[in-house]
Amino acid sequence: MIAVVYEDIGKVTVADVPEPVIEDPHDAVVRITAAAICGSDLHFVSGKAPLSPGDGIGHEGVGVVEAVGPDVETFRPGDRVVMAFDIVCGHCWFCRRGQTALCEDFRNLGAGPFGGSLGGAQAELVRIPHADSNLLAVPEGMEDERALFVGDILTTGYYGAAIAGIQPEDTVAVVGAGPVGFFCVQGARVHGAARVLALDVEPDRLALAERVGATAINVKERNPQTAVDELTEGRGADVVIEAVGNEQAYESATRMVRRGGTVSVVGMYVSEKADVPLGVYWTRALRIVFAGICPIHAWWDRAMDAVKAGRIDPLPIISHRLPLEEAPHGYQLFEDRIATKVLLFP
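This one's a predicted model, so the numbers in the text were calculated from it and none came from an experiment.

Novice: For this particular structure, what's the right way to read the environment of Thr-74?
Specialist: Of note, Thr-74 is situated in the loop between β4 (60–68) and β5 (80–83). In contact with Thr-74, other than residues within four places in its own chain, are Asp-79 and Asp-132.

Novice: Help me out: how do you make sense of helix α5 (residues 153–162) in this one?
Specialist: Residue pairs spaced three or four apart in an α-helix point in one direction, given the helix's 3.6 residues per turn. With nine of 10 residues buried, α5 lies mostly within the body of the structure. Those residues of α5 not exposed but buried are Ile-153, Leu-154, Thr-155, Thr-156, Gly-157, Tyr-158, Tyr-159, Gly-160 and Ala-161. Taken together, the buried residues of α5 touch β4, α6 (179–190), β13 (237–242), β14 (257–265) and α11 (296–308).

Novice: Where do I start with the pattern of salt bridges in this structure?
Specialist: Think of it this way: side chains of opposite charge can pair up when their charged atoms draw near. Summed over all chains, the structure comprises 14 salt bridges. Here Arg-146 makes a salt bridge to Glu-143, at a shortest N to O gap of 3.2 Å. Note on Glu-143: relative accessible area 40%, which makes it partly exposed. Salt-bridge contacts for Arg-222 lead to Glu-230; the nearest nitrogen and oxygen are separated by 2.6 Å.

Novice: What is the right way to read the sheet that holds strand β11 (residues 195–200) from this model?
Specialist: Across a sheet, strands are paired by hydrogen bonds formed along the backbone, either parallel or antiparallel in direction. Taken in spatial order, the six strands of this open sheet run β12-β11-β10-β13-β14-β15, and their pairing is parallel. Each edge of the open sheet is held by one strand with a lone partner, namely β12 (215–218) and β15 (287–290). Averaged over all neighbouring strand pairs, the angle between strand axes comes to 20°, with direction disregarded. Sheet topology note: the β14/β15 ladder contains four bridges and is parallel. Note on β15: the bridge partner recorded for Thr-262 is Arg-287.

Novice: Explain the side chain of Arg-107 to me, please; I cannot follow it from the model alone.
Specialist: Here Arg-107 shows up in strand β7 (residues 107–108). Reaching out from Arg-107, the side chain makes a polar contact with the side chain of Asp-105 at a distance of 3.3 Å. Apart from residues no more than four positions distant in its own chain, Arg-107 is found in contact with Asp-86, Ile-87, Gly-115, Gly-116, Leu-118, Pro-129 and His-130.

Cut-off values and rules
- Residues numbered from 1 in each chain as written.
- Predicted model: local features only at pLDDT ≥ 70, side-chain atom pairs only at ≥ 80, totals over all residues.
- Heavy atoms only, no water.
- Helix = DSSP H or I, 4+ residues; strand = E, 2+ residues; numbered from the N terminus.
- Contact = heavy atoms within 4.5 Å.
- Buried < 20%, exposed > 50% of the residue type's maximum accessible area, 1.4 Å probe, protein only.
- Salt bridge = Lys/Arg side-chain N within 4 Å of Asp/Glu carboxyl O.
- Pairing = 2+ DSSP bridges.
- Axes fitted to C-alpha atoms, helices over the stretch in contact; angles between N-to-C directions.
- Polar contact = N/O pair within 3.5 Å; in protein donor to acceptor, adjacent residues only side chain to side chain.

Set out below in structure tokens:
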């Protein structure tokens, strides 16, 4: 079969690789019908997280079950499924409490040794360990493109809004209107926000956020804190969701939240550091919630229901659709910030 593999820092290729097989009685093999390039894939390609030449890439996929091990109870060949980007056991202490991202056997599709050396979803076939826990049925009649992101960024945005404790009268500011921020905007609306503000430097991303109900603030043109203050009678946002993952975005989020407000930190961090003015946080009674890696499995049923009901629409985020063979071009589009979301079709 063909799959997208890491070749060197900054370079991916499409190569012939062995087809995955059932290795454990709880495994399933899924034939991919659509995959996506995620911003976190770029962390691996850029060398921020280690990969070896030939490692498969990709963790967002939807497809049809091709084969199952004898101990798989929920799924059978022919079932349409979306896969969780993170592979968990489903039965450890953390999994039983819905904290699946803290699973004692946590692994990640398409992340090389860092993720347990599993194959990637940007391929014709992928093996899914603990299939009963790590696959979710696609509702009958739902298109692949609507279901695809439930296994990662859509549920992440839904979750990042949920843990912020949004109240019906709240103004929610989302820092970063990229793919995750796009779903944070919609997640905030699903969870009852009265108004959602989207802050970014890219007009195209802000336009997408406006399409799903946000008020856009271009931080190249306006000071973000001042802009938020002007829209909240000087108080600041009740909730700020940081969906970028860098120190500047984090610090900006803590400045634009009101006294007694909540900052939900959804952006991905690895080794970054920030000076934390504890006295300021304490005096302002801030609530800082670190989302960490999203516990997809505890939330994706609810996220899928929101998609099915039309309360979350993933389609506007898709900017490019390419055959799997053109994946290197898709990565370049993403790297050049030309694409918002690239879909790959085997």
